[in-house]
Amino acid sequence: MNPSGILHRKLPRRVMLSTIALAFFSSQLPASAATREPLYGAYSYDPLGRKLSTYLLPCEDSYRQGKHLQSEQCFRSLLESSHPLLQAEAFWALDDLQSANNAMRAAQQEHPDSALVRSRWGDLFMQTYQYQQAFNLYNEALTLDATYPPAYYGRVRSLQAGGGEPELLQSSLLTLNQLKLNPELSLHLRLEEVRIALEGDMYDEATIALANARDFAEQESLSLLEVISLEAVLAFMRFEDPQPIIYKALALNPTWAEGWVELGHFAEITRRYRQEYTFLKNAVTLNPNHWQAWLDLGQTALRLNLVEEANEAIKRSYAGDAFNPRTINLLRLLDTFNNTMVVSAYPQPPQAGSPELELRLDKEEKAVLESYVADLALESIKVYKQRYRLQPKAPIVVELFPKHEDFVVRSVGMPGVGILGVTFGYLFAMDSPSAHVKEDYYHWGTTLWHEMAHVFTLEVSEHLVPRWFSEGISVWEEWNSGPVRGRKIPLSVYKAMAEDKFLSVSELDNGFMRPSYQDQVIVSYMQAGLIFDFIGDYLGENAEEKIVTMLYAFKEGATSNQVLSHATGMTIPEFDAAFKSWITSEYGDFLEQLPKWQGEVEEGLQALKEERWAAAAASAMKALSIHDKYTEPNSPWLILARAQEKLGQTKLQCDSLLRYWQEGGYATQPLLQLTRLLLDGNSPEAVTTAIQVMQELRLADPFNADLHQILGDLYLEQNQPLLAESEFSVLLALSKQTGGPRDLAPIHLNLAKVAIALNDLTKSMDQVMTALTIAPSYRPAQKLLLELSRLQTENSSNRGTSND
Amino acid sequence: MKSYPCVFFLRLLFLTGGILSFSPQAQATLYYVILEGLGGTATYTANFSSQRSQLEAAAASLPGTELKVFLGEEATREVVRSWFEQLKLKITTTDSLALFLLGHGSFDGEQYKFNVPEIDITGEDLHQILTELPGGPHLLVNTSSASGALLELFNPQKNTSQRINNNDTSQQALEELESSVLVITATRNGNEKNATLFGSFFTQALSLEAADLDKNLRVSAQEAFDYANAQVEAVFKEENRLSTEHSQLLGPEPKQFNLARLDEQQIATEGSRLAQLLSQQESVEARIEDLQRQRSTMVNSEYLQALQTLILEAARIGEDIDQIVIGIDDPAGEKQ
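Residues numbered from 1 in each chain as written. Chains lettered and ligands numbered in written order. Predicted model: local features only at pLDDT ≥ 70, side-chain atom pairs only at ≥ 80, totals over all residues. Heavy atoms only, no water.

A. Looking closely at the interface of chain B and chain A. Each side of the interface is counted separately: chain B has 30 residues, and chain A has 24 residues. Buried area between chain B and chain A, both sides added, is near 2300 Å², and the carbon and sulfur share of it is 60%. A per-residue breakdown of the area chain B buries against chain A is headed by Leu213(B), Lys215(B) and Ile311(B), which together make up 23% of the total. Counting every contact that joins chain B to chain A gives four salt bridges. Viewed at the interface, chain A and chain B are joined by five residue pairs in polar contact (both at pLDDT 80 or more). Elements that contribute at least two residues to the side of chain B that touches chain A include exactly helix 8 (221–238), helix 9 (273–293) and helix 10 (300–325) of chain B. Of the residues assigned to the side of chain B that touches chain A, the class counts are twelve nonpolar, four polar and 14 charged. (Contact = heavy atoms within 4.5 Å. Buried area = accessible area lost by both parts, 1.4 Å probe. Salt bridge = Lys/Arg side-chain N within 4 Å of Asp/Glu carboxyl O. Polar contact = N/O pair within 3.5 Å; in protein donor to acceptor, adjacent residues only side chain to side chain. Helix = DSSP H or I, 4+ residues; strand = E, 2+ residues; numbered from the N terminus. Nonpolar A, V, L, I, M, F, W, Y, C, P; charged D, E, K, R; others polar.)

The following block contains the structure:
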């Protein structure tokens, strides 16, 4: 089973590090957090701890047996203790964290040389997500006792959670493994190993590690609750029913919600959000004070478009744990949902049954984006319904966020992750084009096409499709049926190909989830897409149909190795070899000359910078003679066009930009320039091409006012008033935005002309008067008003004549 | 409220739709004064120089304009003050002045200074120069960093929060202003000390049709301000940066203060048919302006009806003017 947490679109290079960090966290952090952190035997290492534990452990034991009332009474009695550390533990257990902190401070003053006190104080800071303070306290504890295992363990946790130095984390882990641990902490670390194996799809290893952990726990007479929970997870990951196993834990502790929370975590990272939702509902039913479970439930409900329920769950979590930054982020996001997002359903006008599509857009952007997003989404649904033989059982919800961080919080709860789109099933969220205003290389239409493919691959496979397979199909659809056809492969991926960095298909999921170098995620996306192009070529006739059949096999529990072998008749090593050979046939020549090609591109860029136009053109042409399909940033086509512009070679410049567009280039400014050059040419064919270029550009940069102005004018000239009206209306909507066109009178004049073309004289009069109210001296509008007035007079005179 | 005799003349300039008819008021002069301060670096110097060129072109586009440029070593405090002393003797009550400051400014918490060779020009100097000049209203456009420090000087009775910005030009607010100087600054106070973007966009606006929002083929101080303000906002938004400058506009009738024309000047002979039509057009457009002022007191449908009637009248006159200008017929003869 693939352990991906999310499905996300390919990422620009700048965001790779954060993605890697995310993947690292997801594979290293404990899967769940209990309301009350276990003690891990922290009190067993020194005389003070051992003395205090005789008071503390009975209270803890009651809690872990589900006797919450008894446990609470026990902790309340410790509030009367004369020892501040016991008071601190009691306040902490009773959820009075402020008093616990004060008592910890007092304990530290009373026992300045105690590593135990500093370490537990660090644990308290961990509970309130203050990782740096926790880290400092663990370090102080280690200066007092360099071999104190709980402080090492705490340091590891604080580094994992706070994103600290990887080298220090590794060395701390190594030291921890060499220390003599008490049984509680030893068991806890063994269970961490099990979790890591489970998250890495290493079920055989997980099975062995889990059996060892169980033996150890039984030998040491430790609680089996966590062991049983992970046994339930193992069953779940192997598509068995985890419920009977969880019931065994509940027999030991009837309020043991952590088992369901653990299952919820693994359901989430395998994208089985509906099951996650059920598990977490069970968790909060068993323990309504499990704030983490409420928060996870809220996030999952949000992914399932259960906004009201999400709202309630997240608020419930906040009421119990106001420190969690994820809770606060999600509450802010819900404010955005409630105050700035609006939903519209399609088709319009409504037809019988549920809507097919729901768009959730920012209300400020709706007038600009809605028609383009709806048209493209409906088109993609039509294509995918037929290809994947799936009739969606619910409306597909598409959300576009103008603020990237809102989108990221919506997707993963915390900001700072470089993703463009995430699909949760029948719902996907993505960046609006306005989230990338300064970038020439965000094509929202392609992102939508990619994410919509995930909706179908997830639903067809009942969310059991492996990550690489689902991403591969989405990229394949981008290239073969999406709004910008053709493979668009970044330079970093070509470099990886040249360095033979593609993984075996059997390991490709690791490239997404556990990347080992900076660009590996994007390399994995492209490899997955190329694999489907290869399969398409290899299977020949009806390849598309066969790929869909492969997808359906996952629903029955097949592994990707089984599916591939069955469809292609090759073993995995044979498949890898055949794919490699296909890559060589497709790109071998180019990859051999890659350094030379790069050199020419760099030389061309340098020549542009130094205004050596002829040299720039020469270098670009040499690069193009090696490879002419590259349309990503610094495309040689753009270097050539720029040089030709400066050399006054307008016709050649137009040809270069045209070729750039035909090869899949979509950067706004070059395409606007191409349009102007085509229109200057003034031939009917050039105008038709210019319209096509502009239409496609709307799927990259719909907030560009020039685009709508040019396209609206062209439609008006071509007597397509409805299309012109749409463009001018978008232009008007853009004027409401900061930096949008403020010159409104010409837009209203154009809308008046559109209305005339539609024989709507009343509307035309309204629009022209709106223009003239803004600009009474506007001569073109005055002329049109005069014309309309004469027409009206003529019409009434004709009516008078006919009445006579 | 103070009356401004030359406002009528300024209005007349744009109402003629690019054709100037001779009238007694055509003698009024707009002094277009550009003070280019020290750039400090080649980039800034080139930038200020480019802005100056755009202002010079704008000045040339307006009839009845006298241009004075201070730059380089000549642009000292002493020279500037001396020139203004001379101007005081020459300027009439129907004349007005537009002073543009292109360069760097500073504010030490008490005093604003504009950087020029030798001794800097202070905010107090500028206040004295402009408030002592007869005529008006006069315009000060200060595109420098910290230029907002001048706002207190030119509106000493008001605190910052009461300033009129581009969103608040209510009649009441205008009446409260005692100054006859229209002030535009690149920043909202003296504490915004970064080099500004405003000046580039402001001077750029003077030749752009897109800045001429009311389509009278003139770019007014208000329009140039609005354009520059929007562009600056857009730049900061695009770059996802906190804005380090917030331009301000303070003073009377910025919409009436034209800074550039976008069409070619044409001249109608006195007594000709074209001159008559121009006169009629001026009259209609003056009535439109009056009507616009009454808008808040009218029912919307009545307002629109009245507006439509007047605009139709203007349109018919415009049609007649067009026929003459493109040479279809005019017995009296016109010249370009």
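So that's the structure; there's more coming.
B. Spatial organisation of the nonpolar core. Residues and elements named next belong to chain A. Judged by nonpolar contacts, the single largest core of 134 residues is most densely connected at Met 452, Phe 469, Leu 530 and Ile 535. Those residues within four positions of Met 452 in sequence are excluded, and the remaining contacts are Ala 377, Ser 380, Ile 381, Tyr 384, Ile 396, Val 398 and Phe 428. In terms of nonpolar packing, the next biggest core, distinct from the first, is built from 71 residues, Phe 279, Trp 291, Ile 314 and Phe 401 among them. (Core = buried A, V, L, I, M, F, W, Y, C linked by side-chain atoms within 4.5 Å. Buried < 20%, exposed > 50% of the residue type's maximum accessible area, 1.4 Å probe, protein only.)

C. Local environment of the environment of Leu230(A). Residue and element names in this part refer to chain A. The residue Leu 230 is located in helix 12 (residues 225–237) in this model. Expressed as a C-alpha distance, the spacing of Leu 230 and Tyr 131, which sit 99 residues apart in the sequence, is 27 Å. Look past the residues within four positions of Leu 230 in its chain and what remains in contact with it is Leu 191, Val 194, Arg 195, Leu 198, Leu 210 and Glu 262.

D. Highlighting unusual backbone geometry. The step from Tyr346(A) to Pro347(A) runs through a cis peptide bond, and the omega angle for that step is 5°. With respect to the element layout, Pro347(A) can be found in the loop between strand 1 (341–346) and strand 2 (357–362). That bond from Gly136(B) to Pro137(B) is cis: its omega, 5°, falls within 30 degrees of zero. Following the sequence through the fold, Pro137(B) ends up in the loop between helix 4 (123–131) and strand 8 (138–142). Residue Asn634(A) is not a glycine yet carries a positive backbone phi of 65°.

E. Layout of the sheet that holds strand 3 (residues 65–70) of chain B. Residues and elements named next belong to chain B. Overall, mixed pairing links the six strands, which are arranged 3-2-4-8-9-11 in an open sheet. Each edge of the sheet is formed by a strand with only one pairing partner; in this case those strands are strand 3 and strand 11 (248–250). When the angles between neighbouring strand axes are averaged without regard to direction, this sheet yields 10°. (Pairing = 2+ DSSP bridges. Axes fitted to C-alpha atoms, helices over the stretch in contact; angles between N-to-C directions.)

F. Summary view of the sheet that holds strand 3 (residues 396–401) of chain A. Residue and element names in this part refer to chain A. Ordered by their spatial adjacency, five strands build an open sheet running 1-2-3-5-4, and the pairing between neighbours is mixed. If you trace the sheet from one side to the other, it starts and ends with strand 1 and strand 4 (421–423), each paired once. Sheet twist, expressed as the average angle between the axes of neighbouring strands with direction ignored, equals 15°. With respect to the sheet, helix 19 (residues 366–388) is in contact with strand 1, strand 2 and strand 3, its orientation differing from that of strand 2 by roughly 150°.

G. Here's a closer look at the pattern of salt bridges. Residues and elements named next belong to chain A. Under the definition given, this model contains 57 salt bridges over all chains. The partner of Asp 123 in a salt bridge is Arg 120, and the shortest N-O contact between them spans 2.9 Å. Remark: Arg 120 and Asp 123 occur in helix 6 (residues 115–127); sequence separation between them is three residues, near one turn of the helix. Judged by relative accessible area, which is 2%, Arg 120 ranks as buried. When the shortest N-O distance is used, the salt bridge between Glu 586 and Arg 487 registers 2.9 Å. With Glu 586 in helix 28 (residues 572–592) and Arg 487 in the loop between helix 22 (467–481) and helix 23 (491–498), this residue pair connects regions lying 99 residues apart in the sequence. Residue classification places Glu 586 among the partly exposed residues on the basis of a relative accessible area of 36%.

Everything listed here is a matter of coordinates, which is why it stays silent on function.
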